[in-house]
Amino acid sequence: AFIRVKADKGLFYFDNSYRPVPLEQQYIGITEKKAVRRMLLMNEILYEKVIERAGKYQMIVFVHSRKETAKTAKALKEMAMTKEDLTKFLKEDSSSKKILEATAGDAKDPELRDLLPYGFAIHHAGLDRADRTLVEDLFGDKHIQVLVSTSTLAWGVNLPAHTVIIKGTIYSPEQGKWIELSPQDMLQMLGRAGRPLYDKSGEGIILTSYQELKFYLSLFNHQLPIESQFISQLADQLNAEIVLGTVNNIRDAVNWLGYTYLYIRMLRNPGLYSITTAVTALGKIASHYYIKYPSIATYNEHIKPTMGMIELFKVFSLSHEFKFIPIREEEKMEIQKLMETVPLPVKGSPDEPSTKVSILLQAYISRLKLDGFALNADMSYVTQSAGRIMRGLFEIFLRRGDKRMWNCMTPLRQFKNVPEEILRRIEKKEQLTWDHYYNMTPQQIGEIIKFPKLGKMIHKYIHQFPRIEISAIVQPITRSCLKIELTVNPDFQWDREIHGSSEPFWIFVEDCDSEIILYYEYFSLKHKHVGQKEYIFEFIVPLFEPLHPLYYIRVVSDRWLQCETVVPVYFKNIILPEKFPPLTELLDLKLLPISSIKWPEVEQQLKQFPTFNAIQTQVFTTFYGSDGNVFLGAPTGSGKTLCALLAMLRTLKQKRESKIVYVAPLDSVCKQKRKEIAQYLKNLKVSIGELTGQASIDSKIVETCDIIFSIPEYWDTFSRRWKQRKVMKLIRLVIVDELHLLGESGSVLEVITSRMRYIAIQLNQEIRLIGLATSIANSKDIAEWIGAAPDHTFNFHPNVRQVPLEIYIQTFDQTQRAVRLNAMGKHIYRGIKQYSAGKPVMLFVSDRKQARITALDLVAMAGADNNPKRFLHVSSDEITKYLSKAQERILKHCLEYGVGYIYEGMDESDRNLVEKLFESGAVQLLVSTYRLCWEITQQAHMVIVMDTQRYDGQERRYIDYTIPDMLQMMGKASRPLIDDSAKCLIYTHTPKKEFYKKFLYDPFPVESHLNHFLADHLNAEVVAKTIENKQDCIDYLTWTLFYRRLFQNPNYYNLQGVTGTIINDYLSDLVEKNVELLTESKCITCEEEINLAPLNFGIIASYYYIKYTTIDIFARLMNPNFKMKQLLEIISKASEFEIVPIRHGEENLMKQLSTEVQYKSDLPKFNEPNTKTFVLLQCHFNRIPISSDLIWDQKIILENTTRLIQAMVDVISSEGWLKPALLAMQLSQMVVQAMWITDSQLMQLPHFDKSLIEKCAKNKINDLADLMQMEDDEREKLLGFTAKQMQEVAEACNRYPSINMEFKKPSAESLVAGESISMNVMLNREGEETGDRVHAPYYPKEKEEFWWIVLGDNKNNKILTLKRVNFGESLNVNLKFIAPDAGDYDVTLYLICDSYVGCDQTEKFQMSVKPNPEG
């Protein structure tokens, strides 16, 4: 590029392999540090190398000064004489000796004259020309054996030799020290080794100090680029060009530089020449606060860790912004007076601008009045600049570890309406602190200030001054980091005129000396949230050895002076976790071929993998060759699923009648793994099923399938009644995937894993347990918990991946998230260009809105870069074919330019299209919401995480992604067999960097959260009769990971020791507390203070898998006369809906939707999940179009609502109330069919809307029966549907149930008050449908048809009996009930469907109950 060569024609490059004479190299390092001894030792080694070759080969010894040539040559000659080795160089009678002796007299240099007769010579630029020619001729004729020379011989004269020895380093006069030889000199010198046509090989020996050995090794064994040295001579060369007239101005100089090699190398390697576009923290501050760069340089020079207020003002006054503030003669006197008046002493002369600046700022804060107009103008300039400069200084201090008042003044000075006299009176009462005033009444304050009338006003201001109460809970995570949960509770009266809509605060964590800031975070206190809920912050801070006695947590207002709260966190009694076990070393084994399975049908489906990878090879024998429990911890994308497959194959091979259970923590992961395993086992006769959460369906699946996939909640529901289920005895293998998520799943994963081990012991059967997870720090505890032996425990380092992953963490200082995201955009575009040009990139964002914005921004940036279709890797014509399939307008636009995005609740066809285009390589960029990282199966060369925070609606603030989420996202950067390496760019807020560096590069520990969710699990075990007393509760806990972690990390669980007494007391208290909660909610009963037995509510909660708190809500709020609105409000308050997310700014949208629905909530809080549930349920009944985010939320709500309604019916029936029970059953129909109970039955049919139903009503078609009785021609004419639509309507009509109900009344003789009565009900279904699948297009999952059979007394609002059934063609039901008091009753038999509207049946009859003769 420098000499403008065309690469395809004029560029020829040959490496060392083309050398005409191969070169053998030796590197010798001298470790001696003393100069004299080092020189002597170097000469001795040099002599050894020379004498070995004496008489055989000619040698050139290169030294690096003229003086050294003679010294080295003399030293060699003298050593040879001493050791009598001279004859080895020249034989006495040789012709060479005679020639050298004869010509020695011609040499002018005395040293050369002395050396020549012995076969030695020297050569350097200081020799006379005749001497140099003489030496060159004699060496060329092979008379001289050893020539000692400077590098001039290498560059100026072509004299090759067999052996070249380079001795020592070179002294640089410019630098005044010894330096390494330049690469060019070294290569040129070694180039003299080996004589073409004479030698078959050459020798190069480098003799230097040991410290420089690495430098020379890398120099000759790596192809290093030649760098320009032009910059050191740039001034002289530029001067020459100016004199010549080539350069006349700056533009000419820049153009001239463009022709230099320096310019070429600057483009290729800008960092080496100190050319960088990387933004520094100080650069950001200077730009953001408009501070000049000389000011930043001044701050860098003067800022010290121990600075006080005086030094701070000095630094401020030295800012370059004030450099030209004049010192006028007429104002010197006033400045002198002010200098004596201001609170802080000013260092410096009154004649210096910096002194004036410091005085003016202090005068402003002190509210001193100035005389001169010019001085006031200067003061105005200083104070206008002070805000941004002080803010800049504040941020500089943050990275190193505007109220007009002083700290010694009362905080009341920050309120405008307080008289000066009152403020001075308060400031004189130095013995009274601010807390004293806060606790006083208005009357007491009036007496203190001696102005009773103002007591009330001052009291109001005192309580309007921001006051924050904080408390901290600390939990050790590892021995080097600590988790702090900080609770912030605002305790002041909000006034919009004073506080506005928000108050900004800073959280600081400081070391014990308050010198180092360990963590900081900015947050805003919102007016609308004050008084509603505490603010809870969680963050990680480092721990140091030796352990500090305490840390300080400080919450400081960003606006109000003296508004800060400090709480110390003491470490005196802290117990740090035990040290973690070492990680498993990845062995260098030969990769096993897939044929090692020795099962052709399976091998055929694995043919895309030529071999197992390194991890799979190492664990192959354990998974496929043994039956022991196994734990495998390895990074995402390491091939753990294939390891699980090996365990499945072993079980299928050995025990064909066995069952295999695969538990994955998320529904998306479960479906993904099922699909993957099914593909692998395609050629085997193996049935695979997935649990649905519906008891009857799940029972059939477990009975009929060989491999059962399930999420933890569904398997928990099924396995709770393991004693009654015979099929549990057939289970031989349980695989628990993503075990590192057990802390995220409400401890269900922990409970079912513990239960399976317990079942194996109780049934005395072999159940093999396989635990799969990412790399975990405390793997030993996990392995012991699942029963894996040490040799069956594998826990590899996070960097042991199929495709090595390079992680780059880039930080951003902006505290406002919107500003931070905006700043990240350009860096993301640049990162894609730099690290993944042309290769697929996956970008994760927090929500749908951000996904769209980011996609559009990237499209715009590519356009601004004059390459709009940079990310599109197919022709425009080809992509156009697919664009018509997209529903979203914005998505179409983005896909046109090679950028796609997906999010939760997205139209399924759109999402499939985007994933297909990304997987095929047509679209390079895929922007996804972070939650989908668990669902998408696609991989990329590079993953980008755009900000590491998401909005938490319950906390009403942005919180960090969990480490498992981050690891899952990072794991998507892996394309085995395609890429040699992958990359991950993480863009995050500056304070979070150390946290992510700690847990993304190293394994993270997994802790149990079972203690927070214990009550529901205890209730289930009491119902199942596994637990019958409190001691059983404690025994139950000993099976859990929670119990093991109590000993390893006691402080995390608020334990102060690990002795047997402390642990027993802790567990007893925990059990007592949870038993009390269950007893209060009437789920269990505690007899004799120890024995536990289930109650009806507890049985309902366990059967329907709902929380005990929800049952308690239902029981407390139910009454016999409530209406549909109250029913909806109660069900919306269920604890299960606490997980419904509230997104940032969603309150206004919910408020708008609430105006469109039928029932309005009393005192609604639109940022609460229960209000959102109440509104979205009604939107579902009204079929109101909502955004994709809300569709996703609505899906969560609907999936939970049906079982909650079923539980609610059972709760109501236990009270014996008929009307609310019937209302709840109707609500179930409404949820499944997405309509109100008052709507037309025809709304359940596809393609029917309100206008069509009105049209049908005019033709006297009011229900499905009317529609089905019409003639085909009339029906088609009325509806106007296509043939396909008519077929869909027909299918829905055929699936609509038509049931005949017959019953036999109880005999009159049996109807005796208080006696048990039996009554038979026969149900027969017309048609071929069996009711196993309900037509419910608006319901988010498949639904099985169930029926309630109710016998009730409508007049007295009483249920006599109730039964819930499902059936195919027919069913005979025996109803049993206790006869009511004697009398005549009009009773009704109800048959009510839980899924369809309008197919219910009722039969009325009279019942005369006789009095019981026994009373």
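These notes cover the structure that comes with them. (Residues numbered from 1 in each chain as written. Predicted model: local features only at pLDDT ≥ 70, side-chain atom pairs only at ≥ 80, totals over all residues. Heavy atoms only, no water.)

**Comments concerning the packing of aromatic side chains**
Geometrically, a pair of aromatic rings is defined through the distance of the ring centres and the angle of the planes. Here is the rule we go by: For this analysis, a ring pair means two rings from Phe, Tyr or Trp (six-membered ring only for Trp) whose centres lie within 6.5 Å, classed as stacked if their planes differ by under 30 degrees, edge-to-face if by over 60, and tilted for the remaining angles. Note on conventions: DSSP H or I runs of at least 4 residues are helices, E runs of at least 2 residues are strands, and numbering of each starts at the N terminus. Only protein chains enter the calculation, and the probe is 1.4 Å; a residue is then buried if its accessible area is under 20% of its type maximum, exposed if over 50%, and partly exposed in between. Consider the ring centre and the ring normal. A charge sits over the ring if Lys NZ or Arg CZ is within 6 Å of that centre and within 35 degrees of that normal.
What the rule picks out here adds up to 43 aromatic pairs. When the centroid spacing of 4.8 Å and the interplanar angle of 55° are considered together, the rings of Phe-523 and Phe-537 count as tilted. With Phe-523 in strand 12 (residues 517-526) and Phe-537 in strand 13 (residues 535-542), the pair connects residues that are 14 residues apart, well separated along the chain. With 5.2 Å between their ring centres and 70° between their planes, Tyr-951 and Tyr-958 make a pair best called edge-to-face. Judged by relative accessible area, Tyr-951 falls into the buried class, the value being 15%. Through successive ring pairs, a cluster of aromatic residues spans Phe-415, Tyr-461, Phe-465 and Trp-560. Above the ring of Phe-718, the side-chain terminus of Arg-725 is found at 4.0 Å from the ring centroid. The ring of Phe-1367 carries the charged tip of Arg-1325 above its face, separated from the ring centre by 4.9 Å.

**Things to note about the sheet that holds strand 38 (residues 1383-1393)**
What counts, and what does not: Strand pairing is assigned whenever DSSP detects at least two bridges linking the two strands. Interaxial angle, 0 to 180 degrees, is taken between N-to-C directions of lines fitted to C-alpha atoms, where a helix line uses only the stretch in contact. By definition, residues are in contact when any of their heavy atoms lie within 4.5 Å.
With antiparallel pairing, the four strands of this open sheet are ordered in space as 36-35-38-39. The open sheet is flanked by strand 36 (1358-1365) and strand 39 (1401-1409), the only strands paired with a single partner. Between one strand and the next, the sheet's axes are offset by a mean angle of 15°, whatever the strand orientation. Here helix 47 (residues 1188-1215) sits on the sheet and contacts strand 35 (1347-1353) and strand 36; the angle it forms with strand 36, its principal contact strand, is near 150°. Along the sheet, helix 48 (residues 1218-1233) contacts strand 35, strand 36 and strand 38; its crossing angle with strand 38, the most-contacted strand, is approximately 10°.

**What about the side chain of Gln-1178?**
Quick note on the threshold: Residues adjacent in sequence count toward polar contacts only when both atoms are side-chain atoms; beyond that, a polar contact is any pair of N or O atoms within 3.5 Å, and within protein one must be able to donate a hydrogen and the other to accept it.
Residue position: Gln-1178 is located in helix 46 (residues 1169-1182). According to the relative accessible area criterion, Gln-1178 is buried, its value standing at 0%. Within the structure, the side chain of Gln-1178 is placed 3.3 Å from the backbone nitrogen of Gln-1158, a separation counted as a polar contact. Beyond its immediate stretch of four places on either side in the chain, Gln-1178 contacts Leu-1128, Val-1157, Gln-1158, Tyr-1159 and Trp-1236.

**Points about the nonpolar core**
Threshold: Joining through side-chain atoms within 4.5 Å is the link that ties buried Ala, Val, Leu, Ile, Met, Phe, Trp, Tyr and Cys residues into a set, and such a set is a nonpolar core.
In this structure, Ile-597, Phe-623, Trp-715, Leu-1227 and Phe-1248 are the most contacted members of the largest nonpolar core, which totals 293 residues. Setting aside chain neighbours within four positions, we find Ile-597 in contact with Val-602, Glu-603, Leu-606, Phe-612, Phe-620, Tyr-624, Leu-646, Leu-649 and Lys-653. With 56 residues, the next largest nonpolar core counts Val-50, Phe-120, Ile-122 and Leu-190 among its residues.

**Brief notes about helix 37 (residues 993-1001)**
Put simply, the rule reads: The arc in question is traced by the directions running from the helix axis to the C-beta atoms.
Burial in helix 37 covers these residues: Phe-995, Tyr-996, Phe-999 and Leu-1000. Buried residues of helix 37, seen end-on, are gathered within an arc of 100° and therefore sit on one face of the element.

**Thoughts on the sheet that holds strand 23 (residues 805-812)**
Within a beta sheet, neighbouring strands are joined by backbone hydrogen bonds and run either parallel or antiparallel to one another. Read across the open sheet, the six strands follow the order 23-30-27-24-26-25; overall the sheet is parallel. Looking at the sheet topology across the chains shown, the edges are occupied by strand 23 and strand 25 (899-902). Ignoring strand direction, the axes of neighbouring strands in this sheet form an average angle of 15°.

**Quick notes on a negative patch on the surface**
Stated precisely, the cut-off is as follows: Here, patches come from residues exposed beyond 30% relative accessible area and free of salt bridges, joined within 9 Å for like charges and within 5 Å for nonpolar side chains (Val, Leu, Ile, Met, Phe, Trp, Tyr). Methods summary: accessible areas were calculated by the Shrake-Rupley approach with a probe of 1.4 Å, and residue burial reflects only the protein chains presented. By salt bridge we mean one thing: a side-chain nitrogen of Lys or Arg within 4 Å of a carboxyl oxygen of Asp or Glu. Charge counting follows a simple rule: Lys and Arg are positive, Asp and Glu are negative, and His as well as the terminal groups are ignored. Just so you know, the charge point we use is NZ for Lys, CZ for Arg, CG for Asp and CD for Glu.
Side chains of Glu-1271, Asp-1273, Glu-1274 and Glu-1276 sit close together on the surface and give a patch of like negative charge. Looking at the element boundaries, Glu-1274 is found in helix 51 (residues 1272-1279).

**What about the pattern of salt bridges?**
If you walk through the whole model with that rule in mind, you get 59 salt bridges. As a salt-bridge pair, Glu-52 and Arg-53 come within 3.1 Å of each other at their nearest N and O atoms. Judged by its relative accessible area of 6%, Arg-53 falls in the buried class. Note that Glu-904 and Arg-931 form a salt bridge whose closest N and O atoms lie 3.2 Å from each other. In this pair, Glu-904 is assigned in the loop between strand 25 and helix 35 (908-920) and Arg-931 in the loop between strand 26 (925-929) and strand 27 (942-946), connecting sequence segments 27 residues apart. Relative accessible area serves as the criterion here: at 5%, Glu-904 is assigned to the buried category. The partly exposed category is assigned to Arg-931, whose relative accessible area is 31%. Each of the salt bridges in this network shares a partner with another, and the network as a whole consists of Arg-848, Arg-1143, Glu-1146, Lys-1172, Asp-1189 and Asp-1193.

**So, the environment of Leu-518**
One can find Leu-518 in strand 12. Using a relative accessible area of 16% as the deciding quantity, one classes Leu-518 as buried. As for Leu-518 and Val-541, which are separated by 23 residues in sequence, their C-alpha atoms are 6.4 Å apart.

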